[in-house]
Amino acid sequence: MAIGAVAWIPFLVSDVSNFATGILAQRLEHAGWSANRTRKCLMLTGAAVSPIGVAAVHTQSLFWTMTFICIAIFFWMIWSVTVQTLPGDYFPPHAVASVYGLVDGLHFGFSDQHLAGRRTLDVTHSYSPVFVGLGMLMPVACVAGMSLMGRVERVELRA
């Protein structure tokens, strides 16, 4: 019952992070930061801090469990919001929807929420592997993303 009473809090934190990330990105760009510097700094920040969520499975206190989960979600959403802006930074408006469609298709083709969540819990009887896996996902994604994405700037598309 204690978890049920506070289960809404991470969702609220996620919403706050969504707005805060947009405001922060806008302020950084108005301060003269390039889209490249802004996006990469925010992605790196999200990737560096979000693994703190792993600590949630090692606490015995609801307060600390929720604190670690909320910090992780806040920074995970910084990453997520920033990554969602990249197609608009790289591609002209007429191509952005196609890029989003392709990325969404790849995302759902490579992820299996059933395997990551319920199946892992059925086999291990613990949330630890899920939290550790998700905690490590962000730094791995950051390294892969930064090595593949190059400079964040508009690409030229030819007809």
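Details of the structure are given in the entry above.
Below you will find a few notes about this structure.

### A look at unusual backbone geometry
Here's step 1: Of note in this structure, His125 is not a glycine but carries a positive phi near 55°.
Here's step 2: Its place among the elements puts His125 in the loop between α6 (113–124) and α7 (128–149).
Here's step 3: Relative accessible area serves as the criterion here: at 67%, His125 is assigned to the exposed category.

### Description of the side chain of Thr82
Here's step 1: Inspection of the secondary structure assignment puts Thr82 in helix α4 (residues 62–90).
Here's step 2: A residue is classified by how much of its surface remains accessible, and Thr82, at 2% relative accessible area, is buried.
Here's step 3: Excluding residues within four positions of it along the chain, Thr82 makes contact with Thr21, Arg39, Leu42 and Met43.

### Concerning a nonpolar patch on the surface
Here's step 1: A cluster of nonpolar residues, Trp8, Leu12 and Val16, forms a patch on the protein surface that exposes about 310 Å² of accessible area.
Here's step 2: When you line up the elements, Leu12 lands in helix α2 (residues 9–30).
Here's step 3: Here Leu12 falls in the partly exposed class, since its relative accessible area comes to 44%.

### Description of the state of the cysteines
Here's step 1: For the structure shown, the criterion picks out zero disulfides.
Here's step 2: Left without a disulfide partner, Cys41 is nearest to the cysteine sulfur of Cys142, which lies 11 Å away.

### Looking at helix α3 (residues 35–49)
Here's step 1: Between its terminal C-alpha atoms α3 stretches 21 Å, which fits the 21 Å expected from 15 residues at 1.5 Å a residue.
Here's step 2: Where α3 is concerned, the buried positions are Asn36, Thr38, Arg39, Leu42, Met43, Gly46 and Ala47.
Here's step 3: Tucked into the core, α3 has its buried residues touching α2, α4 and α7.

### Quick word on the packing of α2 against α3
Here's step 1: Remark: α2 packs on α3, axes separated minimally by 9 Å, with the N-to-C direction vectors making an angle of 145°. Two packed elements cross with a definite hand, and for α2 against α3 that hand is right-handed. Here α2 contributes Thr21, Leu24, Ala25, Leu28 and Glu29 to the contact with α3, which in turn contributes Ala35, Thr38, Arg39 and Leu42.
Here's step 2: Class assignment for the residues of the contact of α2 with α3 results in five nonpolar, two polar and two charged.

The rules behind the values
- Residue positions are given per chain, counting from 1 as you read along its sequence in written order.
- Local features in a predicted model are, by the rule used here, given only for residues with pLDDT of at least 70; side-chain atom pairs are given and counted only at 80 or more, and totals for whole chains, interfaces and linings are based on all residues.
- In computing side-chain values, all of the structure's heavy atoms are included and hydrogens and water are not.
- Secondary structure elements follow DSSP: runs of H or I of four or more residues count as helices, runs of E of two or more count as strands, with numbering from the N terminus.
- Working definition: with a 1.4 Å probe on protein chains only, accessible area under 20% of the residue-type maximum means buried, over 50% means exposed, and in between means partly exposed.
- When checking whether two residues touch, look at their non-hydrogen atoms; a contact exists if any pair is within 4.5 Å.
- The patch calculation keeps residues exceeding 30% relative accessible area without a salt bridge and links them within 9 Å when they carry like charges or within 5 Å when they are nonpolar (Val, Leu, Ile, Met, Phe, Trp, Tyr).
- Reported accessibility uses the Shrake-Rupley method at a 1.4 Å probe radius. Residues are deemed covered only where the shown protein chains occlude them.
- Salt bridge, as applied in this entry: a Lys or Arg side-chain nitrogen positioned within 4 Å of an Asp or Glu carboxyl oxygen.
- When the sulfur atoms of two cysteines come within 2.5 Å, that pair is taken as a disulfide.
- A helix is expected to span 1.5 Å for every residue after the first.
- Where helices are involved, their axes are fitted lines through C-alpha atoms of the stretch in contact, as for all axes, and angles between N-to-C directions lie from 0 to 180°.
- It is the rotation of the near helix from the far one that decides the hand of a crossing: anticlockwise by less than a right angle makes it left-handed, clockwise makes it right-handed.
- Residues were grouped as follows: Ala, Val, Leu, Ile, Met, Phe, Trp, Tyr, Cys and Pro as nonpolar; Asp, Glu, Lys and Arg as charged; and all remaining residues, including Gly, as polar.

That's the geometry; what it means functionally is another story.
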